[in-house]
Amino acid sequence: MKHPRIGIRPIIDGRMGGVRESLEEQCLNMAESAKKLIEANLRYPDGEAVECIISPCTIGGAKEAAICEEYFATQNVVATLSVTPCWCYGTETIDLNPNTIKAVWGINGTERPGAVYLASVMAAYAQRGLPAFSIYGQEVQDKSDKSITPDVQKKILDFARAAVAVGVMRDKSYVNIGAVAMGIAGSAVNVDFLQKYLGMRTEWVDMTEVLRRINLGIYDHEEFVKAKAWVKENCKEGLDINKGKKLADIVVKSRFVPEAEQWDFVIKHAMVVRDILFGNPKLKEMGWIEESLGRNAIAGGFQGQRMWTDWLPNADFTEAIMATSFDWNGKKAPTAFATENDTLNCISMLFGNLVTNKAAIFSDVRTYWSPESVKRVTGKELTGAAKNGIIHLINSGASCLDGSGAAKNEKGEGCMKEWWNLTDKDVKDLLNATDWCRANYEYFRGGGYSSHFRTNAEMPATMIRCNIIEGVGPTLQVIEGYTCKIDDEIHRILDERTDRTWPTTWFAPILNEDTAPTVYEMMSKWGANHGATVYGHVGDRLITLASMLRIPVVFHNISRDRIYRPHTFNGFGTKDLEGQDFRACAYYGPMYR
Ligand SMILES: C[C@H](O)[C@@H](O)[C@@H](O)C(=O)CO
Ligand SMILES: [Mn+2]
């Protein structure tokens, strides 16, 4: 079976002769309602509903816990949600499987002490060194009330969503095409991190493999014709920054693919890279059996600069289309795919994809613009969400086209959607909001194109960065804020001061006295040159995911009440939640070590 599942464990007081019999129905109803809630609200990246299974029996003790475990062990269960309306026997019923992520929902009802079991079993998990999430509603529910209260719903869904994200990554590959780009530290793929924290395999593919496949024709030629027609129809060319420029001799003599052939080349590049990651049955029909298998990827990156781009067209089209929620074949799940092989930013994109099922924007964290500097160079004031200053997010090419915010929600506001919710009009509007500028030959001697758009919508957004810190290990930065729709003239002046042929997003963080009191300070604390940005204020979801992966969140602006981590983390301190996170992650260590 392909999807990681949530196993639901109805826990019950084992005493026959009245107690157990009186609870069976309510206990099973809780399991069924949790299953329904999860399956109705959560989806896998491929758009299918998340699958939950329920133990073949209610669990009153060790024997029934074993029966349940035996069944779950054959069902690709990544996480278990134990549910109970009553007192039960903690250590006799806990999920002792070291590889599953655990949560327990004890109903807040006074007829039977569900909360007492919850507290008791949390103690058991803490003593056994098995982090477990606790779910308990704020309000007392009547025995006849079979509903799941909104606060309990949120915790069940946040737990299940993050656990599914962990399961989706497990056993998948990160495909690293090329080597380190321009000395970017995040480009040096860290095998231990991917393996021990995410359960992922690292695959290395030399960039010449892309050349081999392009030159030997190892791609679907019919699809190429279709893709070429789609590009002609939908990918209009924009500003050619090179026009009229006297190009240096070294640039002129470095161009290997004539300009007239560069669109064909970059389209083939995109098809070949996709096939390297995911395989393509068509290649088997063509006799390229090994190539047809792909590498079981969930994410990847392409070095590009500079050994490729110094003579061949750049991979910006590939990187943009992989990260986008559609291509010439229609709507599709976005792929976390990094430019400049920044694997840590790719993982940041992947986390963002997995907690939202939406595409991610890959950006340089390019420039901090204070209100004063904006006033000085434009004579105009920043207003609205931008009033305290803005950060210029821009990188050659690697932003999902969803990032322009040209897709509209039911209120007509710019947004970024799950790929399956995009309308045909959204796709058209997203394509129309993007033009494709010829690569700046000073940077990209071999040519190519870059997607170019402006995020022209104010959208809630969350910036993400995964860093590796010697002495700590992997860490996560999570900052919620807004993309800003700034004054057109301000945008023009600021954008034209830098690389005006690339996709631009203006970001303003939500200021937070403790961590990011100013926009400047938020940028000054950012861990690297890149960041991944996804739609929505999803910092809480990322914090829950990070706690499952034992990755401390070292910089965030998420309020305390939205932080949901295993109850057992409380054993590592409760006042200073950041220190607690560090200590618990350090002790529990990576899931797959
Ligand atoms: C084209 C340039 O070399 C860019 O790739 C460079 O500014 C970066 O994006 C660095 O992260
Ligand atoms: Mn960059």
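Residues numbered from 1 in each chain as written. Chains lettered and ligands numbered in written order. Predicted model: local features only at pLDDT ≥ 70, side-chain atom pairs only at ≥ 80, totals over all residues.

Per an unreviewed UniProt entry, the recorded name for the protein chain is L-fucose isomerase, and the organism is Amygdalobacter indicium. UniProt's Subcellular location (unreviewed entry) comment on the protein chain is quoted here verbatim: "Cytoplasm". Check the Pathway (unreviewed entry) section of the UniProt entry for the protein chain; it says "Carbohydrate degradation; L-fucose degradation; L-lactaldehyde and glycerone phosphate from L-fucose: step 1/3." (UniProt positions renumbered as here; feature names shortened; annotations may be inferred.)

Asker: I tried to follow the overall build of the protein chain on my own but got confused; where do I start?
Answerer: For the protein chain, the count of helices and strands is 20 helices and 22 strands. Scaling as 2.2 N^0.38, a compact globule of 593 residues should have a C-alpha radius of gyration of about 25 Å, and the protein chain matches this with 25 Å. Dimensions of the protein chain, computed from the C-alpha atoms along their principal axes, are close to 90 × 60 × 45 Å. Across the 593 residues in the protein chain, those meeting the buried criterion constitute 52%. (Helix = DSSP H or I, 4+ residues; strand = E, 2+ residues; numbered from the N terminus. Rg over C-alpha atoms; globule rule 2.2 N^0.38 Å. Buried ≥ 20, exposed ≤ 12 C-beta atoms within 10 Å, placed from the backbone.)

Asker: Can you help me understand the packing of helix 15 (residues 371-378) against helix 17 (residues 488-496) in this one?
Answerer: Any two packed helices are characterised by the angle at which their axes cross and by the distance between the axes. Contact geometry for helix 15 and helix 17: axes closest at 10 Å, N-to-C directions at 90°. By the angle between their directions, the pair helix 15 and helix 17 is classed as roughly perpendicular. Counting all contacts with helix 15, which are made through V374, V377 and T378, the residues of helix 17 involved are E489, I490 and I493. Tallied by class, residues from the contact of helix 15 with helix 17 come to four nonpolar, one polar and one charged. (Axes fitted to C-alpha atoms, helices over the stretch in contact; angles between N-to-C directions. Parallel < 35°, antiparallel > 145°, perpendicular 65-115°, else oblique. Contact = placed C-beta atoms within 7 Å. Nonpolar A, V, L, I, M, F, W, Y, C, P; charged D, E, K, R; others polar.)

Asker: What is the right way to read the UniProt feature "domain: L-fucose isomerase N-terminal-1" (unreviewed entry) in the protein chain from this model?
Answerer: In the numbering used here, UniProt assigns the feature "domain: L-fucose isomerase N-terminal-1" (unreviewed entry) to residues 4-171. Secondary structure within residues 4-171 divides into 43% helix and 16% strand; the distance between the first and last C-alpha atoms comes to 11 Å.

Asker: I keep staring at the sheet that holds strand 6 (residues 173-177) and nothing clicks. Help me out?
Answerer: Strand order in the open sheet made by the four strands is 7-6-8-11, with parallel pairing throughout. Only two strands of the sheet have a single neighbouring strand rather than two, namely strand 7 (201-205) and strand 11 (336-339). Put simply, the sheet's adjacent strands are angled 15° from each other on average, direction ignored. Where strand 6 and strand 8 (residues 297-302) come together, five bridges link them in parallel fashion. Directly across from S173, in strand 8, lies its bridge partner A297. (Pairing = 2+ DSSP bridges.)

Asker: Even after reading the chapter, I still don't get the nonpolar core, so can you show me in this structure?
Answerer: Nonpolar side chains in soluble globular proteins tend to be buried together. L81, A163, A323, A360, I390 and L542 are the most contacted members of the largest nonpolar core, which has 172 residues in total. Here this core gets ten residues from one element, more than from any other, and that element is helix 5 (residues 150-169). Of the domains in this structure, domain 1 (5-169) and domain 2 (173-588) are the two that each give at least three residues to this core. The contacts of I390, once residues within four sequence positions are left out, are W369, L382, C484, I486, W506, F507, A508 and V519. (Core = buried A, V, L, I, M, F, W, Y, C linked by C-beta atoms within 7 Å. Domains from an automatic or database assignment.)

Asker: Could you clarify how one ought to interpret the domain arrangement of the protein chain in this entry?
Answerer: Quoted interface sizes are often the accessible area lost when the parts come together. Domain annotation for the protein chain reports domain 1 (5-169) and domain 2 (173-588). The C-alpha-based centres of domain 1 and domain 2 are spaced at 37 Å. Elements with a minimum of two residues in the side of domain 1 that touches domain 2: helix 4 (114-127), strand 5 (132-135) and helix 5. Among the residues making up the side of domain 1 that touches domain 2, the classes are represented as 15 nonpolar, two polar and five charged.

Asker: Help me out: how do you make sense of the environment of A65 in this one?
Answerer: Tracing the backbone shows A65 in helix 2 (residues 62-72). When the C-alpha atoms of A65 and R161 are compared, they prove to be 24 Å apart, with 96 residues separating the residues in sequence.

Asker: I keep staring at the sheet that holds strand 5 and nothing clicks. Help me out?
Answerer: The strands making up a sheet associate through backbone hydrogen bonding, with each pair oriented either parallel or antiparallel. Spatially, 2-1-3-4-5 is the arrangement adopted by the five strands of the open sheet, whose pairing is parallel. Bordering the open sheet on either side are strand 2 (52-54) and strand 5, each of which pairs with just one other strand. Ignoring strand direction, the axes of neighbouring strands in this sheet form an average angle of 20°. The sheet contact formed by strand 1 (residues 5-10) and strand 2 spans three bridges and is parallel. Within strand 2, the residue paired with I8 across the bridge is I54.

Asker: It is not clear to me how the UniProt feature "domain: L-fucose isomerase C-terminal" (unreviewed entry) in the protein chain should be interpreted in this structure. Could you clarify?
Answerer: Mapped onto the present numbering, the UniProt feature "domain: L-fucose isomerase C-terminal" (unreviewed entry) falls on residues 393-555. Note that residues 393-555 is 22% helix and 31% strand, and that its end C-alpha atoms are spaced 19 Å apart.

Asker: Help me understand the pairing of strand 13 (residues 390-394), please; the structure alone is not making it clear to me.
Answerer: Along any regular strand the residues' side chains alternate between the sheet's two faces. Counting buried residues in strand 13 gives five out of five residues, a clear majority hidden from the surface. Covered by surrounding structure in strand 13 are I390, H392 and I394 together with I391 and L393, the residues of both alternating faces. Looking at chain direction, strand 12 (residues 361-369) and strand 13 are connected through five bridges and run antiparallel. What sits directly across from V365, in strand 13, is L393. Sheet topology note: the strand 13/strand 20 (residues 504-509) ladder contains four bridges and is antiparallel. Counterpart to L393 in the pairing with strand 20 is T505.

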